[in-house]
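Given next are the chains, with one letter for each unit.
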There are 2 protein chains.
Amino acid sequence: MALEHAILVSLLEKPGSGYELARRFDRSIGYFWTATHQQIYRVLKRMENDGWVAAHEVAQQGRPDKKHYAVAPAGRAALSAWLHEPIEPESVRHDLAVKIRGAAFGDLSALLHEVERYRQVHSGRLAHYRAGEERDFTGPDAPAEPDAMHELQHVVLRGGIAYEQMTLAWLDDVLATLRRIRERTAP
Amino acid sequence: MALEHAILVSLLEKPGSGYELARRFDRSIGYFWTATHQQIYRVLKRMENDGWVAAHEVAQQGRPDKKHYAVAPAGRAALSAWLHEPIEPESVRHDLAVKIRGAAFGDLSALLHEVERYRQVHSGRLAHYRAGEERDFTGPDAPAEPDAMHELQHVVLRGGIAYEQMTLAWLDDVLATLRRIRERTAP
DNA sequence: ATCCTCTATGCAACTCGTTTCATAGGCAAG
DNA sequence: CTTGCCTATGAAACGAGTTGCATAGAGGAT
């Protein structure tokens, strides 16, 4: 389980409340780790009990109070220990791959339209990543001398970009294959 | 949840027992969908109760009896209905990306060695995929006129190959970035 | 006025997936 | 001859993740 560690990294990059964390998990961190606010609140509470993070309540005007979290020394130690553990192989779950192989026994055309829609989603995601890269790393507003944190954030984002590019190329391959089969079997 | 559907696809491609399915989920299907034998047995039982698959016991000599499963009409209908549903965005969980961003606050060198090891795993996986492609699709023993099922299996495998190639290139980028930071911060 | 959205946190119930254990005969290596 | 692996299935407990609901004030839209 690495949600704790994802939260530690995010809080080390910038401390904040559970709500703020939840929004980060819809944005930058969310590119490679998803979590709902439920999970985040629950895990944050456990981490506080374990002394990994320290919280202090912040009163706000016109808004509900919030609990501001920062990483405690024990949390830093836990992260460091986790970094030394071997990387466990990710367990893959690709609905689309199952559907593609299932298309041999179902409706090819329906899948074709779905893949076209899916391609647009990934195309949009690539554009979004590239805009973020331009804004934070390669554009004129980016820092001239990036620190380690910055460079590591960038290399992770480059991974997301590479993934989306690869996916788009593969989806084109999938579309071409589906069309070829459809024309051959139902001319 | 798509494990049911992954099982339906696998049983349509070739009927078999729960044990055989579990082994396929360590091989071809396992490239894009992981499942333990526990899950498979449990879900198979539910699918049998729902009339998605039909089972008949097969007595064997020198081996335990096995339950042979085949897809029933209701299962085919369920798969077809699922193929028409929109593809839901995959929920990503990349431990490595978390670790890379965490390395800004921990031991860079330890991660470097881990990434090198991780790279070897993916290198081996790519070789394995390519051997499978040669054996089943592009080599001399592959069928000259592949059917739809065959072609769809191939395009999914090409996706796996593209993924591994992309991953290897990105890991080289990661390694170069980690080394650059290490030499700059601790010369 | 009423509805919706945003901020901000949390409980409760449920489903899905993993881990551990159990059974049981055959077969091969040491 | 005993230890371990392969086939074959399954129960039980646990942990992680999702979904629905609740609260509550501020602000904007219709």
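On a predicted model such as this, the values are computed, not experimentally measured, just so you know.

What counts as what
- Residues numbered from 1 in each chain as written.
- Chains lettered and ligands numbered in written order.
- Predicted model: local features only at pLDDT ≥ 70, side-chain atom pairs only at ≥ 80, totals over all residues.
- Heavy atoms only, no water.
- Contact = heavy atoms within 4.5 Å.
- Buried area = accessible area lost by both parts, 1.4 Å probe.
- Salt bridge = Lys/Arg side-chain N within 4 Å of Asp/Glu carboxyl O.
- Polar contact = N/O pair within 3.5 Å; in protein donor to acceptor, adjacent residues only side chain to side chain.
- UniProt positions renumbered as here; feature names shortened; annotations may be inferred.
- Helix = DSSP H or I, 4+ residues; strand = E, 2+ residues; numbered from the N terminus.
- Axes fitted to C-alpha atoms, helices over the stretch in contact; angles between N-to-C directions.
- Parallel < 35°, antiparallel > 145°, perpendicular 65-115°, else oblique.
- Left-handed = near helix turned anticlockwise from the far one by under 90°.
- Nonpolar A, V, L, I, M, F, W, Y, C, P; charged D, E, K, R; others polar.
- Pairing = 2+ DSSP bridges.
- Near = heavy atom within 4 Å.
- Buried < 20%, exposed > 50% of the residue type's maximum accessible area, 1.4 Å probe, protein only.

## Here we look at the interface of chain B and chain A
One widely used convention gives an interface's size as the accessible area the parts lose upon coming together. In this assembly, 70 residues from chain B lie in contact with 70 residues from chain A. Both faces combined, the contact of chain B with chain A buries some 6800 Å², and carbon together with sulfur accounts for 64% of it. Three residues, B:I87, B:R101 and B:F105, lead the burial of chain B against chain A; their summed loss comes to 14% of the area buried on that side. For the interface between chain B and chain A, the tally reads 8 salt bridges. Among the salt bridges present, the one from B:E13 reaches A:R101, with a minimum N-O distance of 2.8 Å. Counting across the interface, chain B meets chain A through 30 residue pairs in polar contact (both at pLDDT 80 or more).

## Some words on the UniProt feature "domain: Transcription regulator PadR C-terminal" (unreviewed entry) in chain A
Cross-referencing UniProt, the feature "domain: Transcription regulator PadR C-terminal" (unreviewed entry) maps to residues 92–179 of chain A in the present numbering. Across residues 92–179 of chain A, the secondary structure splits into 81% helix and 0% strand, with the terminal C-alpha atoms separated by 27 Å.

## As for the environment of B:T185
Among the secondary structure elements, B:T185 is positioned in helix 7 (residues 148–185). Within the local environment of B:T185, its side chain forms a polar contact with the backbone oxygen of B:I181, the two atoms lying 2.8 Å apart.

## Here's the deal with the packing of helix 7 (residues 148–185) of chain A against helix 5 (residues 95–102) of chain B
Closest axis-to-axis distance for the helix 7 of chain A/helix 5 of chain B pair is 8 Å, and the angle between their directions is 160°. With respect to their mutual orientation, helix 7 of chain A and helix 5 of chain B come out roughly antiparallel. As helix 7 of chain A packs across helix 5 of chain B, the resulting crossing turns out to be right-handed. Contact residues: A:L152, A:Q153, A:V155 and A:V156 in helix 7 of chain A; B:A97, B:I100 and B:R101 in helix 5 of chain B. In terms of residue class, the contact of helix 7 of chain A with helix 5 of chain B is built from 5 nonpolar, 1 polar and 1 charged.

## Here we look at the sheet that holds strand 1 (residues 16–17) of chain A
Residues and elements named next belong to chain A. Reading across from one edge, 1-3-2 is the order of the 3 strands in this open sheet, with antiparallel pairing throughout. Two strands bound the open sheet, and with one partner strand each, they are strand 1 and strand 2 (53–58). Relative to strand 3 (residues 66–71), strand 2 runs antiparallel, the two sharing 6 bridges. Considered in strand 3, the bridge of V53 is made with V71.

## Focus on the protein's contact with DNA strand C
The full set close to DNA strand C counts 21 residues, and A:Y19, A:Q38, A:Q60, B:Q39 and B:R42 are the nearest of them. Backbone atoms, meaning sugar plus phosphate, form 62% of the atoms of DNA strand C positioned within 4 Å of the protein. In the model, a phosphate oxygen of DNA strand C is placed 2.7 Å from a nitrogen or oxygen of the A:Y19 main chain. Interatomic distance of 2.6 Å between a side-chain N/O atom of A:Q60 and a phosphate oxygen of DNA strand C. When contributions to the surface near DNA strand C are tallied by element, the ones reaching two or more residues are helix 2 (18–24), helix 3 (37–49) and strand 3 of chain A together with helix 3 (37–49) of chain B. A total of 4 residues in the surface near DNA strand C trace back to one element, the largest contributor, which is helix 3 of chain A. Of the residues assigned to the surface near DNA strand C, the class counts are 4 nonpolar, 9 polar and 8 charged.

## Some remarks on the sheet that holds strand 3 (residues 66–71) of chain B
Residue and element names in this part refer to chain B. With antiparallel pairing, 3 strands are arranged side by side in an open sheet as 1-3-2. Two strands bound the open sheet, and with one partner strand each, they are strand 1 (16–17) and strand 2 (53–58). Sheet strands in contact with helix 3 are strand 2 and strand 3, and its direction is about 115° off that of strand 2.

## Some points on helix 1 (residues 3–13) of chain B
Along helix 1 of chain B, 11 of the 11 residues are buried, which leaves the element largely enclosed by surrounding structure. Burial in helix 1 of chain B covers these residues: B:L3, B:E4, B:H5, B:A6, B:I7, B:L8, B:V9, B:S10, B:L11, B:L12 and B:E13.

## A word on the UniProt feature "domain: Transcription regulator PadR N-terminal" (unreviewed entry) in chain A
Taken from the UniProt record, the annotation "domain: Transcription regulator PadR N-terminal" (unreviewed entry) applies to residues 7–80 of chain A. A distance of 14 Å separates the end C-alpha atoms of residues 7–80 of chain A, which is 47% helix and 19% strand.

## Notes on the protein's contact with DNA strand D
Around DNA strand D sit 21 residues, and of these A:R42, B:Y19, B:Q38, B:Q60 and B:K67 come closest. For DNA strand D, the backbone makes up 60% of the atoms found within 4 Å of the protein, where backbone means sugar plus phosphate. B:R23 places a polar side-chain atom, nitrogen or oxygen, 3.1 Å from a phosphate oxygen of DNA strand D. For DNA strand D, a phosphate oxygen lies 2.7 Å from a polar atom in the backbone of B:K67. Mapped by element, the contributors of at least two residues to the surface near DNA strand D are helix 3 of chain A together with helix 2 (18–24), helix 3 and strand 3 of chain B. Considering every element that reaches the surface near DNA strand D, the biggest residue donor is helix 3 of chain B, with 4 residues.

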